[in-house]
Amino acid sequence: MRRPVLASLEIWGKYTLSALFSVLLLTGAVAAQTMDGNRLPVLFDARERLAKPDLSEIGRVRFVTTVDFAPFNFIDQTGRLAGFQVDLAREICNELKIAEKCQIQALPFAEIEAAVESGQAEAAIAGVAVTPELRRRFSFSRPFMELPARFVRNRKVSLPGEKAANLAGHPVGIVTGTRHAAMLKAFFPGLKTVGFADRNAMMEALKTGAIDAVFSDGLQLSFWTSGPASANCCAFLDGPYFSEFFLSEGMTVMLRKDGAVLTAAIDHALLTLSRNGRLQEIYLRYFPYGLY
């Protein structure tokens, strides 16, 4: 079964993430002043050069996405398809100068794979995790965004410094059986962990001070710490932490296996957008409080 690239959705659910974003959107929080240092990590080598293929023979480029995965894709207050991935798809088309050939269509997530495989669409930008099985059947662009794991600490806890090592002896919450729990054990085997059956219980324990910190998905922690549910109790500590083994290789565009030319063109566009700052601008539009 396919899974979204956001590994922690297996625990909390994409609808909860969408609800968090909706609260921030309605309160105007997502339009707030961004934090200093909120930079999207560059995933392309500074010396790398990717040629722009000739797309004159391509008659249409249809991207498929979903509408229930805010802030990556959703229907905004005007009824328009919006989100980080939607804006990125439009910017890719502009960069490749094929905007008149580009379309973006929303589908249920369960229909994304079949739409690309059958030729209904040329590409999917919907948070599909790259797996060996899917690589045998589809092409994938280079990653354009990685989703880190992060620590969040209760502000009332006295620590000698702002490094993960300073959590030694302090109870750190994890959701039992998740990738983030396994990652914490591998990266920080000496930390004292407290397991929870679900994420909501873990975050409530952090807020009340029953535990001193948590280790989980940086995206969801970003919205939680900046939203009303946290009551400004908590803040990021150290990090971010990346692991392709535990968290997948990041967010990509999925294309048909015979779409080598279009895949190369999208890689060229992503490299250009990364270097000219447009990818950073789109990121800040939807992640003003930062993941990194």
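Computed from a prediction, not measured in an experiment: that's the story for all the values here.

In this section: the packing of helix α3 (residues 84–95) against helix α10 (residues 260–276). Where α3 contacts α10, the axes come no closer than 9 Å and their chain directions differ by 100°. By the angle between their directions, the pair α3 and α10 is classed as roughly perpendicular. Residue-level contacts link Leu88, Glu91, Ile92 and Glu95 of α3 to Ile266, Ala269, Leu270, Thr272, Leu273 and Asn276 of α10. For the contact of α3 with α10, the per-class residue count stands at six nonpolar, two polar and two charged.

Take the pattern of salt bridges next. Applying the stated criterion across every chain, the model contains 13 salt bridges. The closest approach of N and O atoms between Glu281 and Arg278, which form a salt bridge, is 2.2 Å. With Glu281 and Arg278 both in helix α11 (residues 278–286), this residue pair falls three residues apart, about one helical turn. Relative accessible area serves as the criterion here: at 43%, Glu281 is assigned to the partly exposed category.

A few words on the state of the cysteines. Taken as a whole, this structure holds two disulfides when the rule is applied. When the cysteines of the protein that form disulfides are numbered from the N-terminus onward, they connect as 1-2, 3-4.

Our focus in this paragraph is the side chain of Ser216. Considering the arrangement of structural elements, one finds Ser216 in strand β11 (residues 213–217). Since its relative accessible area comes to 5%, Ser216 is described here as buried. Once you skip the residues sitting within four places of it in the chain, Ser216 turns out to touch Pro148, Ala149, Arg150, His180, Arg199, Met202 and Leu221.

What follows concerns helix α7 (residues 199–208). Those residues of α7 lying buried are Arg199, Met202, Met203, Ala205 and Leu206. Down the axis of α7, the sector holding all buried residues measures 155°, keeping them to one side. At the N-terminal boundary of α7, the capping side chain belongs to Asp198, with an oxygen 3.1 Å from the backbone nitrogen of Asn200. Count one or two residues on from α7 and you reach Gly209, which has phi positive near 90°.

Here we come to the nonpolar core. Counting residues in each nonpolar core, the largest one holds 42 residues, and the members touching the most others are Phe63, Phe84, Leu88, Met145 and Phe287. When residues of this core are traced back to their parent elements, those giving at least two are β1 (61–65), α3, α8 (218–226), α10 and α11. Listed in part, the 19 residues of the second largest apolar core include Ala149, Ile174, Met183 and Ala213.

The next thing to look at is the packing of aromatic side chains. In this structure the tally under the stated criterion is 18 aromatic pairs. One aromatic cluster is present, built from ring pairs that chain together Phe69, Phe72, Phe84, Phe144, Phe223, Phe242, Tyr283, Phe287 and Tyr292. The ring of Phe236 has Arg150 lying over it, and the distance from NZ or CZ to the ring centre is 4.0 Å.

This brings us to the environment of Ala106. By the secondary structure assignment, Ala106 is in strand β5 (residues 102–106). Judged by relative accessible area, which is 37%, Ala106 ranks as partly exposed. For the pair Ala106 and Phe74, spaced 32 residues apart in sequence, the C-alpha separation works out to 9.2 Å. Not counting residues within four places of it along the chain, the set of residues in contact with Ala106 comprises Thr65, Val67 and Leu81.

Across five bridges, strand β9 (residues 171–175) lies against strand β10 (residues 192–196) in parallel orientation. Across the sheet, residue Pro171 finds its bridge partner in β10, namely Lys192.

Glancing now at the confidence of the model for the protein. For the protein, the mean per-residue pLDDT works out to 88, and 87% of the residues sit at or above 70. Across residues 6–13, where pLDDT falls below 50, the model places 25 contacts with residues more than four positions away in sequence or in other chains. For the stretch residues 21–36, pLDDT sits under 50, and the model shows 26 contacts to residues farther than four places along the chain or on other chains.

Paired through backbone hydrogen bonds, the strands of a sheet run either parallel or antiparallel to each other. Taken together, three strands build an open sheet; the order of strands is β2-β3-β4 and the sheet is antiparallel. One side of each edge strand has no neighbouring strand; the edge strands of this open sheet are β2 (68–69) and β4 (81–82). Summarising the sheet, strand β3 (residues 73–75) and β4 pair through two bridges and their orientation is antiparallel. Its bridge partner being in β4, Phe74 is matched across the sheet by Ala82.

The rules behind these values
- All residue numbers refer to position in the chain's written sequence, counted from 1.
- Selection of residues for local features in this predicted model requires a pLDDT of at least 70, selection of side-chain atom pairs for listing and counting requires 80 or more, and totals for whole chains, interfaces and linings are taken over all residues.
- Think of the side-chain values as coming from all heavy atoms in the structure, minus any hydrogens and water.
- Think of each axis as a best-fit line through the C-alpha atoms, taken over the contacting stretch in the case of a helix, with angles from 0 to 180 degrees between the N-to-C directions.
- Numbering of helices and strands starts at the N terminus; helices are DSSP runs of H or I of at least 4 residues and strands are runs of E of at least 2.
- Under this scheme an angle from 65 to 115 degrees is roughly perpendicular, one under 35 degrees roughly parallel, and one over 145 degrees roughly antiparallel; angles in between are oblique.
- By definition in these notes, contact holds between two residues if any of their heavy atoms fall within 4.5 Å.
- Only Asp, Glu, Lys and Arg are considered charged in this grouping, and only Ala, Val, Leu, Ile, Met, Phe, Trp, Tyr, Cys and Pro are considered nonpolar; every other residue, Gly among them, is considered polar.
- The salt bridge definition used is simple: a Lys or Arg side-chain nitrogen within 4 Å of an Asp or Glu carboxyl oxygen.
- The buried label goes to any residue with under 20% of its type's maximum accessible area, the exposed label to any with over 50%, and the partly exposed label to all in between, with areas taken from a 1.4 Å probe on protein chains only.
- Any two cysteine sulfur atoms lying within 2.5 Å of each other are counted as a disulfide.
- Our arc is simply the arc of the directions from the helix axis toward the C-beta atoms.
- Polar contacts, as used here, are pairs of N or O atoms within 3.5 Å; protein pairs need one atom able to donate a hydrogen and one able to accept it. Residues neighboring in sequence count only if both atoms are side-chain atoms.
- As used in this record, nonpolar core signifies buried Ala, Val, Leu, Ile, Met, Phe, Trp, Tyr and Cys residues forming a set joined through side-chain atoms within 4.5 Å.
- Two rings from Phe, Tyr or Trp (for Trp, the six-membered ring) form a pair when their centres are within 6.5 Å of each other. A pair whose planes differ by under 30 degrees is stacked, one over 60 is edge-to-face, and the rest are tilted.
- A ring has a charge above it when a Lys NZ or an Arg CZ is no more than 6 Å from the ring centre and no more than 35 degrees off the ring normal.
- Here, any two strands with at least 2 DSSP bridges between them count as paired.
- Each residue carries a pLDDT value, the predictor's own confidence for that position, ranging from 0 to 100.

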